[in-house]
Structures are given as C-alpha cells and as structure tokens.
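A structural walkthrough
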Amino acid sequence: MKSIALRLFFLATLTISGTGALANNWPAGPVSIIVPFDAGSTPDFTARLIGERLAARLHQPFVVENKSGAAGNIGTNVVAKAHADGQTIGVSIAGALGVNALLFRNMPYDVARDIELITVAVSQPSVLVVGSKLATADTKQLAALMKANSKLSFASIGAGSISHLAMAALVAQTGGDAVHVPYRGSGAAVTAVLSGDVDMALLPAAAVMPHVKAGKLRALAVASPARSPSLPDIPTLAESGLPNIKGDAWIGFIAPAKTPASIVNTLHENLVQILAEPAVQSRLRTQYMDPVGNSQADFSKLLQDDLARWKQVVEQNNIKLD
C-alpha cells in the first residue's frame, strides 16, 4: 500500500509540474485559429479537426474563425497583424503564403517579416479530371487533343489559384492551348465540368473524387511528385509524360512573427503528435488528405520552392490580380 501511495504521489507531482511548465509557456484563455476561407473548405476542416485535438491536449478552447476573401489574404493578414502572444494562430495555403505576392501589387503583409511558419499539416493531391464531353482515357490523349483543338477550356477555383497555375503549366507543357474559366470556389468549378460548360480541371481531390467514384468524371492523373497514398491507383502527371508540374494543395499552421519560441515549440510538438494519431489520419484520409507534420525549416523550403516554380508560370502567362 505504501508503494502504491508513493507512486500516486509521484504521478501527481509530475502532473502538477507538467501543468506548471505548460502555464509558463502558454497564454491563458481561448486561442483563435484563423481560417482564410469559408466554413466547409478543406482549410476549415483541417483547422476544426486539429483544433479539437489541441484543445484536448492543452486544456483550453481553440476557436475557429473564418475570415475569407482576397484569395486568402484577408485571413492570413489577421494572423500577421495579431499580437504575438499565442492567443491567435492560423492555417494558410500556398497562395496566401507565397503565390499571392507574385500576383498582387500591394500585399498587406510580408510573410518573411510578419509570419512564423509552424508546420505543414496536410497535403492534398490535385486531380486532373475531364467531363463526359471528352473521350480521353489518359493524359497523353488529352495532350494530343489540346494540340489539335484550340477551343478546349478548363475551370479553376479562381484566377491565380494553384488550380489555375498548375493547369496553365500543364497546357504549356503539352504545346497545346485551352481557355481558362475561373470560378468562385471548387464547388462551382466542379459543377462547370460536370455540366459540360468547361472540359477539364485540376482540382483538390476532395472536390472531385466523389464524382469520379460515381462515374460522372474521369480522373486522369494527380499533380504530385509521387503517387498519393490516398489515391494510389491514379498515375502522376510525370508518369503520363508531363514532368515538373506540382499542384498539390497543402495546408500549414502559422502564427504571428515574434511569437515566443516556447509557444511555437509547444504548438509544433503537439501538432506533429496529433498528425501521427491513427484516428486523425483516418479522418484526414476521408478528405483525401495526407498528413505531413514537417519541421519549420522544411516548411520554409517548401514555400521557397513553390515561389520559384510558380514565379516562372506567372511571368510566362502574364497573370496579375490587381
């Protein structure tokens, strides 16, 4: 009995000690997770799923706030301008953290100066799909058709989006032509392909795969360096003869610059552990998302690589948003 009592005392001491350490590294009160897109979007799904686990681990509320607009700039700017005290964090994507700086003349924030990159949470493959109007069985047939038919069109989730830039790069590599038709969000873009208003699109897997499974769209390839664990049966564009097109849609956690290192480290450690949980990975896979959980240095390198790649596409196609 005495040894059991001593053991319980030791465990209680550890718990109090751990709580005290967390209190020293963490602010009191609710933490806002800013999402720069509407409720129901993939960044929103990611923030809510992981926010629930952060709340359980760190014993305080994590409240998701949607601040959409300006291709993700509005919500990302909320994080950039927030007090660096741990009360505000956010999720963001390749556009708002990198590509938008190539597209907008006046950005409201500077990522290098105003934002702390924490970790990429998930990566979702973009899938090249065609509607029933095109009798193409694979990407090579589609490339030949684009060379022969200048009236083809493709949908995107907005001018300057990854779905636009990656498709523009694809069209250029085929040596063909296609008209870009931007829509407000993936839902509208998918509807346009389904209805035959446009011929094809390169969109996040979660938006198109239900329609592929229903036989209403055909998936030709994924725009990622290797086959996605979520979609192992779909070949990459590189396998189809179109290398160097990387259009996966990643979502990363961020904080205001100058957030104390102790807070950033606590967030990073917990986020990586959450992303390794089998239950979380299973939920992510329902949305065709692959968990990442990389280092801050790897996050920064990914962003720089994205900028270098998309800068060439933006300049070649003379794409500007203002």
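Residues numbered from 1 in each chain as written. Predicted model: local features only at pLDDT ≥ 70, side-chain atom pairs only at ≥ 80, totals over all residues. Heavy atoms only, no water.

For the rest of this paragraph, the subject is the overall build of the protein. Summing up its helical and strand segments, the protein has 12 helices and 11 strands in all. Relative to its length of 322 residues, the protein is compact, with a C-alpha radius of gyration of 22 Å against a globular reference of 20 Å. With the principal axes as the frame, the protein shows a C-alpha extent of 85 × 45 × 30 Å. Looking at the protein as a whole, 50% of its 322 residues qualify as buried. Of all intrachain contacts in the protein linking residues separated by at least 6 positions in sequence, the fraction that spans at least 24 positions is 79%. Total accessible area on the protein is roughly 14,600 Å²; 56% of this is exposed by carbon and sulfur atoms. Computed over 26 positive and 23 negative side-chain charges, the inter-centroid distance for the protein is 2 Å. (Helix = DSSP H or I, 4+ residues; strand = E, 2+ residues; numbered from the N terminus. Rg over C-alpha atoms; globule rule 2.2 N^0.38 Å. Buried < 20%, exposed > 50% of the residue type's maximum accessible area, 1.4 Å probe, protein only. Contact = heavy atoms within 4.5 Å. Areas by Shrake-Rupley, 256 points an atom, 1.4 Å probe, with all protein chains shown as cover. Lys, Arg positive; Asp, Glu negative; His and termini not counted. Charge placed at Lys NZ, Arg CZ, Asp CG, Glu CD.)

On inspection of all chains with the given rule, the structure shows 11 salt bridges. In this structure, Arg227 and Glu239 form a salt bridge, with 2.9 Å as the shortest nitrogen-oxygen distance. Highlighted residues: Arg227 in the loop between β9 (218–222) and β10 (249–256) and Glu239 in the loop between β9 and β10, separated in sequence by 12 residues. Arg227 sits in the partly exposed class, given a relative accessible area of 38%. In this structure Glu239 comes out as partly exposed when scored by relative accessible area, which is 45%. Arg285 is paired through a salt bridge with Asp290; the nearest N and O atoms lie 3.5 Å apart. (Salt bridge = Lys/Arg side-chain N within 4 Å of Asp/Glu carboxyl O.)

Across the interface, helix α7 (residues 162–174) lies against helix α12 (residues 296–317) with an axial gap of 10 Å and an inter-helix angle of 75 degrees. Considered as vectors, α7 and α12 are oriented roughly perpendicular to each other. Contacts between α7 and α12 involve Ile162, Leu165, Ala166, Ala168 and Ala169 from the former and Trp310, Val313, Val314 and Asn317 from the latter. Classifying every residue of the contact of α7 with α12 by side-chain character gives eight nonpolar, one polar and no charged. (Axes fitted to C-alpha atoms, helices over the stretch in contact; angles between N-to-C directions. Parallel < 35°, antiparallel > 145°, perpendicular 65-115°, else oblique. Nonpolar A, V, L, I, M, F, W, Y, C, P; charged D, E, K, R; others polar.)

What follows covers the environment of Gln273. Position of Gln273 among the secondary structure elements: in helix α10 (residues 261–275). Distance in space between the C-alpha atoms of Gln273 and Ser300 is 20 Å, their sequence separation being 27 residues.

Right, let's get into unusual backbone geometry. Peptide bonds are mostly trans, and most non-glycine residues show a negative phi. Not every positive phi belongs to a glycine, and Tyr288 is a case in point at roughly 60 degrees. Mapped onto the secondary structure, Tyr288 falls in the loop between α11 (278–285) and β11 (290–291). The backbone phi angle of Asn318 is positive, close to 50 degrees, even though this residue is not glycine. Among the structural elements, Asn318 can be located in the segment after α12.

Turning next to helix α8 (residues 186–195). Listed in full, the buried residues belonging to α8 are Ala189, Val190, Ala192 and Val193. Here the buried residues of α8 occupy an arc of 155 degrees about the axis, which is enough to place them on one side. Where α8 is buried, its residues contact β5 (126–130), β6 (153–156), β8 (200–204) and α9 (205–213). Backbone geometry just downstream of α8 places Gly196 in the positive-phi region, at approximately 90 degrees. (Arc of directions from axis to C-beta.)

Our focus in this paragraph is the sheet that holds strand β1 (residues 31–35). Strands belonging to one sheet form pairs held by backbone hydrogen bonds; the direction of such a pair is parallel or antiparallel. One open sheet holds the six strands; their spatial order is β2-β1-β3-β10-β4-β11, and the pairing between them is mixed. The open sheet is flanked by β2 (62–66) and β11, the only strands paired with a single partner. One ladder, built from two bridges, connects strand β4 (residues 115–124) with β11; its direction is antiparallel. Its bridge partner being in β11, Ser123 is matched across the sheet by Asp290. Here helix α4 (residues 94–103) sits on the sheet and contacts β3 (88–93), β4 and β10; the angle it forms with β3, its principal contact strand, is near 60 degrees. Sheet strands touched by α12: β4 and β10. Its angle to β4, the strand with the most contacts, is close to 75 degrees. (Pairing = 2+ DSSP bridges.)

Here the focus is the sheet that holds β6. The five strands lie next to each other as β7-β6-β8-β5-β9, forming an open sheet whose pairing is mixed. In the strand order of this sheet, the two ends are held by β7 (179–182) and β9, each with one partner. Neighbour-to-neighbour, the strand axes of this sheet turn through a mean angle of 30 degrees, independent of strand direction. Direction of pairing for β6 relative to β7: parallel, over a ladder of four bridges. Among the inter-strand pairings, Ser153 is bridged to a residue of β7, identified as Val179. With respect to the sheet, α8 is in contact with β5, β6 and β8, its orientation differing from that of β8 by roughly 145 degrees.

This brings us to the confidence of the model for the protein. With 92% of its residues at a pLDDT of 70 or more, the protein shows a mean pLDDT of 88. Predicted confidence for residues 1–23 stays below pLDDT 50, and this span has two contacts to residues more than four positions away or in other chains. (pLDDT = per-residue confidence, 0-100.)

With the rule as written, the count across this model stands at one aromatic pair. Summarising the aromatic geometry, the rings of Trp250 and Phe299 are spaced 5.5 Å apart at their centres and angled 85 degrees between planes, so their arrangement reads as edge-to-face. With Trp250 in strand β10 and Phe299 in helix α12, this pair connects stretches of sequence that are 49 residues apart. The class for Phe299 is buried, based on a relative accessible area of 0%. Residue placement shows Arg309 over the ring face of Trp310; its charged tip is 5.2 Å from the ring centre. (Phe/Tyr/Trp six-rings, centres within 6.5 Å; stacked < 30°, edge-to-face > 60°. Lys NZ or Arg CZ within 6 Å of the ring centre and 35° of its normal.)

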